[in-house]
Amino acid sequence: MELIVAREQGLWCGAGRFFIDPWQPVERALITHAHADHARAGNSRYLAAREGEHVLRARLGDVALETLDWGERRNVNGVRVSFHPASHVLGAAQIQLEHGGETWVVSGDYRLESDRSCSAFEPVRCDVFVTESTFALPIYRWRPQREVFDEVLHWWSENAEAGRASVLFCYALGKAQRILAGLADAAGATLPGVVVCHGAVESMNRAYRASGVQLPDTFPVGDVDRAALRRALVLAPPSAARSPWLRRFGVASDAFASGWMQVRGTRRRRAVDRGFVLSDHVDWPALNTAIDATGASRVVATHGYADVLVRWLRERGLDASRFATEYGDEDEASATPASGGAPDADADADADADADADADAKE
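On a predicted model such as this, the values are computed, not experimentally measured, just so you know.

Basis of the calculations
Residues numbered from 1 in each chain as written. Predicted model: local features only at pLDDT ≥ 70, side-chain atom pairs only at ≥ 80, totals over all residues. Heavy atoms only, no water. Core = buried A, V, L, I, M, F, W, Y, C linked by side-chain atoms within 4.5 Å. Buried < 20%, exposed > 50% of the residue type's maximum accessible area, 1.4 Å probe, protein only. Contact = heavy atoms within 4.5 Å. Pairing = 2+ DSSP bridges. Helix = DSSP H or I, 4+ residues; strand = E, 2+ residues; numbered from the N terminus. Right-handed = clockwise from strand over helix to strand, strands pointing away. Phe/Tyr/Trp six-rings, centres within 6.5 Å; stacked < 30°, edge-to-face > 60°. Lys NZ or Arg CZ within 6 Å of the ring centre and 35° of its normal. pLDDT = per-residue confidence, 0-100. Expected span 1.5 Å × (residues − 1). Arc of directions from axis to C-beta.

Participant: Before we move on, could you go through the nonpolar core and cite the residues and values that matter?
Facilitator: Counting 96 residues, the largest nonpolar core has Y140, L168, I179, L235 and F249 as the members making the most contacts within it. Apart from the residues lying within four places of it in its own chain, the contact partners of Y140 are F135, G259, W260, Q262, V263, D283, W284, P285 and Y305. Of all hydrophobic cores here, the second largest spans 26 residues; its members include I4, A49, V76 and F323.

Participant: So what's going on with the pairing of strand 15 (residues 252–257)? Which residues, and what values?
Facilitator: Pairing analysis gives 5 bridges linking strand 12 (residues 165–169) to strand 15, with the strands arranged parallel. Within the sheet, the bridge partner assigned to A165 lies in strand 15 and is A252. As defined by bridge partners, strand 15 adjoins strand 16 (residues 274–276) across 3 bridges and the pair is classed as parallel. Along strand 16, the bridge assignment pairs A257 with F276. With respect to chirality, the unit in which strand 15 leads through helix 6 (residues 264–270) into the neighbouring parallel strand 16 is right-handed.

Participant: Any details on the packing of aromatic side chains? Residues and values, ideally.
Facilitator: Scanning the entire structure with this criterion turns up 13 aromatic pairs. A centroid spacing of 4.9 Å and a plane angle of 65° characterise the contact between F135 and Y140, whose relative ring orientation is edge-to-face. By the burial criterion, F135 is buried, and Y140 matches it. Put simply, the rings of F135, Y140, W142 and W260 touch in pairs and so form one group of aromatic residues. Its guanidinium or amino end placed over the ring of W12, R7 lies 4.9 Å from that ring's centre, counting from NZ or CZ. Sitting above the plane of the Y171 ring, K175 keeps its charged end 4.9 Å from the centroid.

Participant: Outline the confidence of the model for the protein, listing residues and values.
Facilitator: In the predicted model, the protein carries a mean pLDDT of 90, and 90% of its residues have values of at least 70. Within the model, the stretch residues 331–363 combines pLDDT values under 50 with 58 contacts to residues more than four positions away or in other chains.

Participant: How would you sum up helix 4 (residues 199–210)? Please name residues and give values.
Facilitator: Across its 12 residues, helix 4 extends 17 Å between first and last C-alpha, which sits within 8% of the 16 Å expected from 1.5 Å per residue. All of the buried residues along helix 4 are V201, E202, M204, N205, A207 and Y208. Of the surrounding elements, those touching the buried residues of helix 4 are helix 1 (53–60), helix 3 (175–187), strand 13 (195–197) and strand 14 (233–236). The first or second residue beyond helix 4 is G212, which carries a positive phi of 95°.

Participant: Any details on unusual backbone geometry? Residues and values, ideally.
Facilitator: Most peptide bonds take the trans form, and the phi angle of most residues other than glycine is negative. Residues other than glycine seldom take positive phi values, yet R17 does so here, at roughly 55°. With respect to the helices and strands, R17 occurs in the loop between strand 2 (10–13) and strand 3 (18–20).

Participant: How would you explain helix 2 (residues 145–161) if you had to name every residue and give the values?
Facilitator: Along its 17 residues, helix 2 runs 24 Å from first to last C-alpha, staying within 8% of the 24 Å computed at 1.5 Å per residue. Residues Q145, V148, F149, V152, L153, W155, W156, N159 and A160 constitute the buried set of helix 2. Buried residues of helix 2, viewed axially, fall in a sector of 165°; they line one side. Each element contacted by the buried residues of helix 2 is listed here: strand 12, helix 3, strand 13, strand 14, strand 15 and strand 16. Phi turns positive one or two residues past the end of helix 2, at G163, with a value near 75°.

Next up, the structure:
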């Protein structure tokens with residue numbers, strides 16, 4: 001019997017009688033992380049990593065939540081369960097399941113490049129690795145994050161000197177806090193101006209601070225005078241674009257921080273002044289590195305370019321398949337691949353084929 005199968009409600013562990021990141025309400029849910037496509041309301045009981053408790057409660061409210069420290073084992077109906085850092089956002093975990101002499105790891109979402117906003121990724125050896133494949137195309141290769149933060153600082157500084165606000169759209173949970181920590185580290189003691197956060201971002205900032213993560217000071221728009229607003233960095237979720245809330249900043253330059261900014265077509269559709277390529281998911285080389293580090297002889301791909309990854313792994317001699325899931329991108333409006341493929345993103349990749357030919361050839 002398979003230890004994990006995909007069912008109508010989500011990924012089901014029959015031996016342990018629980019689901020992992022279910023997309024329909026169930027009795028018992030093990031949660032990899034607090035993004036809305038993985039942690040949904042309505043389950044009777046939740047089990048997650050302790051590091052993510054504050055962000056989960058901020059997202060889900062007063063739910064029946066139990067937590068485990070990293071590496072702590074819990075017997076759930078005969079299945080030994082443990083949580084290991086995935087580094088995607090605060091509290092993001094890979095879930096290890098041990099039963100019947102076999103070890104499975106469900107990755108959730110993850111990245112290998114670490115920073116101080118959350119625990120660093122930890123490779124976990126296993127027989128079967130269930131992995132995301134959000135950016136499983138050779139064109140997706142991230143530059144070091146410090147280079148990106150330096151670019152953001154330069155853009156912000158230029159705008160501040162010109163007397164215009166810098167509006168940076170980013171996901172409220174994880175990406176915004178990573179940017180705050182990264183900019184503070186890159187800038188040292190002095191930032192170019194104040195940081196103003198949309199309410200959705202600020203609620204997650206509070207959860208991070210309550211978890212012990214040090215972030216620079218941030219302010220609601222109503223607490224900042226007009227002169228300071230013209231030099232401010234504004235962090236807002238993509239849903240705030242073209243909203244009345246943004247009018248308070250007057251003339252502003254806008255940008256979007258996402259791995260999807262790697263592709264020119266996505267940048268054009270976003271219609272922003274700048275695109276910063278910063279992802280909280282593994283790129284193509286890191287995805288392959290992570291799979292190799294598990295030592296798994298079998299890999300199951302979930303959301304993203306799953307079919308591409310499966311074909312590639314089979315060519316390498318691995319037993320590879322996919323689960324159909326309802327996981328996706330935290331930003332529902334983005335051009336994100338669904339479980340079965342991504343026509344829009346594929347078209348963008350084709351349009352960029354000449355520019356990315358060298359990257360493809362290296363594979």
